[in-house]
Amino acid sequence: MATPAEWASLCEKFRSAVNLSYVESKKDPETEPYRSKYSARELLEGIKQQLGSEEAEGSPGGVGGGAAGADERERQRAVALAAVEYELGVNHTDTQEYSAGEEHLVKCAQLLEPHRLSRECVSLYIQAQNNLGILWSERDNIKTAQTYLESAEALYNQYMKENGNPPLDSSEHFMDEEEKLTDQERSKRFEKVYTHTLYYLAQVYQHLEMIEKAAQYCHTTLKRQLEYSGYYPVEWALNAATLSQYYLTKQCFMESRHCLAAASVIFGQAGQVPSAEDNETEQDQQDLRQRRAEIARCWIKYCLNLLQGARKLLEDNIGELDPDRQSELKAQQKKEEDEKEEDRKKAVLFGTSDLCDSILAMEEKVSCVFPLDFKEAREVFLVGQNYVNEAKDFFQVDGYVTDHIEILQDHSALFKVLAFFEEDYERRCKMHKRRIDMLEPIYAGLNPQYYLLLSRQLQFELADTYYEMMDLKVAIGNKLEELDSHTIKKINSLAQMAMKYYELFLDSLRSPDKIFPETLEEDVLRPAMVAKFHIARLYGKLITSDGKKQLENMQTSLEYYSFLVDYCEKHTDAVQAIETELELSREMVGLLPTRMERLRAKLSTFT
């Protein structure tokens, strides 16, 4: 049986191995990245060999005689050996020797299996299951990873239900009694182990596309990390911001805002951005700025989705704000929202009372209910615009072309949806002009050879924006007793700019031989058909006193309308994508020839 001196020597070796694995290994040179890990492995193999040789003799520290004593000695030896197998498993996994790592972790679990629900074994057993789950995830065998992690989760729940006392930490199996941890520390470490189980399960469910379950586990993980102070502020903040985007897809704006507010508050714990003068932290400074900009982009999406959700609720069948619906929703919102928010918040709150106060203060900067008028919409818009500026500060066009343009597109979308709430058509036009001013310069400098998709997106958005401005100018002109030359010139100019960008978009679909495709790909079918339809309509909106020119415009308009009708006759599967536009095109194909004949007859009387 191991003497106290021998046991003390084993404990010292184990502590040295753990120190080499988790502390000294961080200092290893790049030329020998696993030097300390290999040294730790030698020590652990020596301990394992010594424990194995004691199988028939007794176990660490010694226990009383008799059958009961022998059983207890064997159990202690098995648990100590399992702790060594666990460390060897992690060691081999860290050095990317996955088969050997799996072998040691499975051996650890086998040794603990008969005692897995005991205070001595449950934490170590769950850690072995966690690491086997991670190992199988690394091999892209997600289902096996799921089995191990769900087994760990079930064991934690069973232990807490049947026992509940703080179990021994895995580090205590090679400690003398006077060195053992307090129950408070044991509990904290055990909860951290279980939090890791939930964290890995969230990722597994994400891989398996069990999105709702993944979000639930992610939220629980984040709450537990705050509760037990087991997190890195930047990583936690990014995870919370990412979770907020899931809640956006479910239209859960209160939960999404809470996640983002918590992300911003916790990110602040990472400290101020280090000084650029400090060379050692230059990369840290860059990383921190990038993470802050990424959280800002999540806030932009929040504001944009909130405004767009409100628009969907308020718009009528021609896309304008419905005043009756607006009044109805205002009355309903006032009545319901307070009690609804109070009930839902109980389930999602992050953090302690002090932290909650900071998060609440951040939440109060922006609403989580749909804005129902221009004043409310503008408040959300301004918050979103502030985050646009913050995100652009890092994602500049020089070095981050795609990110920068995507942020500009979101900024443009914020202006677009704010314009919906604006009653004054002239002010609406100015908002759309802001969109043109931010998108046109960036489009002009973009090489479509390298950025074809972005180029097409900008062409189409610029065309749509000019189209919308033209419609607004027509509506303004209709209120006048007589159209003046300035208004006519403006309407024609806007229509021609819209046509220019729609044609650029359509040209981007042509082959190198400039031939338009006979069959359009699914991802460009609707945009291409809408572009053709809008060009047809724009030719019909051009104002001219020249009858011959008017006839030419009508003929061109007819050709574009006919393209839609003919295409859908040849490709019946396209009908569903453009039902409304197709119906109107068929109508115009029927009407325009008659109108053109009338105009020709009218013109012939003057010749």
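Residues numbered from 1 in each chain as written. Predicted model: local features only at pLDDT ≥ 70, side-chain atom pairs only at ≥ 80, totals over all residues. Heavy atoms only, no water.

Looking up the protein in an unreviewed UniProt entry gives the name KIF-binding protein, with the organism given as Podarcis muralis. According to the UniProt record, the Subcellular location (unreviewed entry) comment for the protein reads "Cytoplasm, Cytoskeleton". In UniProt, the protein has this text filed under Function (unreviewed entry): "Activator of KIF1B plus-end-directed microtubule motor activity. Required for organization of axonal microtubules, and axonal outgrowth and maintenance during peripheral and central nervous system development." (UniProt positions renumbered as here; feature names shortened; annotations may be inferred.)

Draft legend 1. Structural context of helix α1 (residues 4–22). Given a rise of 1.5 Å per residue, 19 residues ought to cover 27 Å, and the 27 Å separating the end C-alpha atoms of α1 matches this to within 8%. Of the positions making up α1, those classed as buried are W7, L10, C11, F14, A17, L20 and S21. (Helix = DSSP H or I, 4+ residues; strand = E, 2+ residues; numbered from the N terminus. Expected span 1.5 Å × (residues − 1). Buried < 20%, exposed > 50% of the residue type's maximum accessible area, 1.4 Å probe, protein only.)

Draft legend 2. Spatial organisation of the pattern of salt bridges. Considering all chains together, one arrives at 36 salt bridges under this definition. Where D183 meets R119, a salt bridge forms, and the shortest distance between an N and an O atom there is 3.6 Å. With D183 in helix α7 (residues 183–207) and R119 in the loop between α4 (98–112) and α5 (122–138), this residue pair connects regions lying 64 residues apart in the sequence. Classification of D183 as partly exposed rests on a relative accessible area of 40%. We note a salt bridge from E461 to R435, for which the minimum N-O separation is 3.2 Å. Of this pair, E461 sits in helix α17 (residues 452–478) while R435 sits in helix α16 (residues 425–444), and the two are 26 residues apart along the sequence. (Salt bridge = Lys/Arg side-chain N within 4 Å of Asp/Glu carboxyl O.)

Draft legend 3. Here's a closer look at the nonpolar core. One finds F174, W299, Y302, F421, Y502 and L520 to be the most contacted residues of the largest nonpolar core, which totals 177 residues. It is helix α11 (residues 282–314) that provides the largest number of residues to this core, a total of 14 residues. Formed jointly, this core draws a minimum of three residues from each of two domains, domain 1 (4–53 + 74–243) and domain 2 (532–606). If we skip the residues at most four places from it in the chain, Y302 touches L248, F253, S256, R257, L260, V366, S367 and C368. (Core = buried A, V, L, I, M, F, W, Y, C linked by side-chain atoms within 4.5 Å. Domains from an automatic or database assignment. Contact = heavy atoms within 4.5 Å.)

Draft legend 4. Representation of the layout of surface pockets in the model. Quantified by volume, the largest pocket comes out at close to 1,500 Å³. Considering the residues around the largest pocket, the lining is formed by 39 residues, among which Y22, Y86, Q127, K192 and H196 are closest to the centre. Class assignment of the residues belonging to the lining of the largest pocket gives a composition of 16 nonpolar, 11 polar and 12 charged. Each pocket or cavity is described by its volume, and for the second largest pocket that value is around 1,200 Å³. Taken together, 29 residues make up the lining of the second largest pocket; nearest its centre are R311, I318, G319, Y467 and D471. Of all the elements in the fold, those that place two or more residues in the lining of the second largest pocket are α15 (401–421), α16, α17, α19 (522–541) and α21 (579–604). Partitioning the lining of the second largest pocket into residue classes produces 12 nonpolar, 5 polar and 12 charged. (1 Å grid on protein atoms, 1.4 Å probe; cavity = no way out; pocket = protein on both sides within 12 Å on 5 of 7 lines; lining within 4 Å. Points joined across faces, edges and corners; volume = space filled by probe spheres on them. Nonpolar A, V, L, I, M, F, W, Y, C, P; charged D, E, K, R; others polar.)

Draft legend 5. Summary view of the packing of aromatic side chains. In total, this model carries 28 aromatic pairs according to the counting rule given. Relative to Y194, the ring of Y156 lies with its centre 3.6 Å away and its plane at 5°, an arrangement referred to as stacked. Placement of the pair is Y156 in helix α6 (residues 142–162) and Y194 in helix α7, with a sequence separation of 38 residues. The same class applies to Y156 and to Y194, which are both buried. The interplanar angle of 70° and the centroid separation of 5.9 Å between the aromatic rings of F533 and Y561 together place this pair among those described as edge-to-face. One end of the pair, F533, is in helix α19; the other, Y561, is in helix α20 (residues 547–570), and 28 residues separate them in sequence. Summarising the burial analysis for this pair, F533 and Y561 share the class buried. (Phe/Tyr/Trp six-rings, centres within 6.5 Å; stacked < 30°, edge-to-face > 60°.)

Draft legend 6. Broad picture of a negative patch on the surface. Taken together, the side chains of E521, E522, D523 and D573 define an acidic patch exposed on the protein surface. Relative to the assigned elements, E521 resides in the loop between α18 (485–507) and α19. (Patch = residues over 30% accessible without salt bridge, like charges linked within 9 Å, V, L, I, M, F, W, Y side chains within 5 Å. Areas by Shrake-Rupley, 256 points an atom, 1.4 Å probe, with all protein chains shown as cover. Lys, Arg positive; Asp, Glu negative; His and termini not counted. Charge placed at Lys NZ, Arg CZ, Asp CG, Glu CD.)

Draft legend 7. Molecular detail of the domain arrangement of the protein. The domain architecture assigned to the protein consists of domain 1 (4–53 + 74–243) and domain 2 (532–606). The C-alpha centroid of domain 2 is placed 71 Å from the C-alpha centroid of domain 1.

Draft legend 8. Geometry of the side chain of S123. The residue S123 is located in helix α5 in this model. Residue classification places S123 among the buried residues on the basis of a relative accessible area of 1%. Not counting residues within four places of it along the chain, the set of residues in contact with S123 comprises L168, F190 and V193.

Draft legend 9. Representation of the packing of α17 against α18 within the structure. With their axes 8 Å apart at the nearest point, α17 and α18 run at an angle of 160° to one another. One element, α17, and the other, α18, form an angle in the roughly antiparallel class. Crossing handedness for the pair α17 and α18: left-handed. A breakdown of the residues in the contact of α17 with α18 according to their chemical character gives 17 nonpolar, 3 polar and 4 charged. (Axes fitted to C-alpha atoms, helices over the stretch in contact; angles between N-to-C directions. Parallel < 35°, antiparallel > 145°, perpendicular 65-115°, else oblique. Left-handed = near helix turned anticlockwise from the far one by under 90°.)

Draft legend 10. Representation of the packing of α19 against α21. Here α19 crosses α21 at 30°, and the two axes come no closer than 10 Å. Regarding the angle of α19 to α21, the classification is roughly parallel. In the packing of α19 onto α21, the handedness of the crossing is left-handed. Here α19 contributes R526, V530 and F533 to the contact with α21, which in turn contributes E581, L584 and S585. Looking at the contact of α19 with α21, its residues break down into 3 nonpolar, 1 polar and 2 charged.

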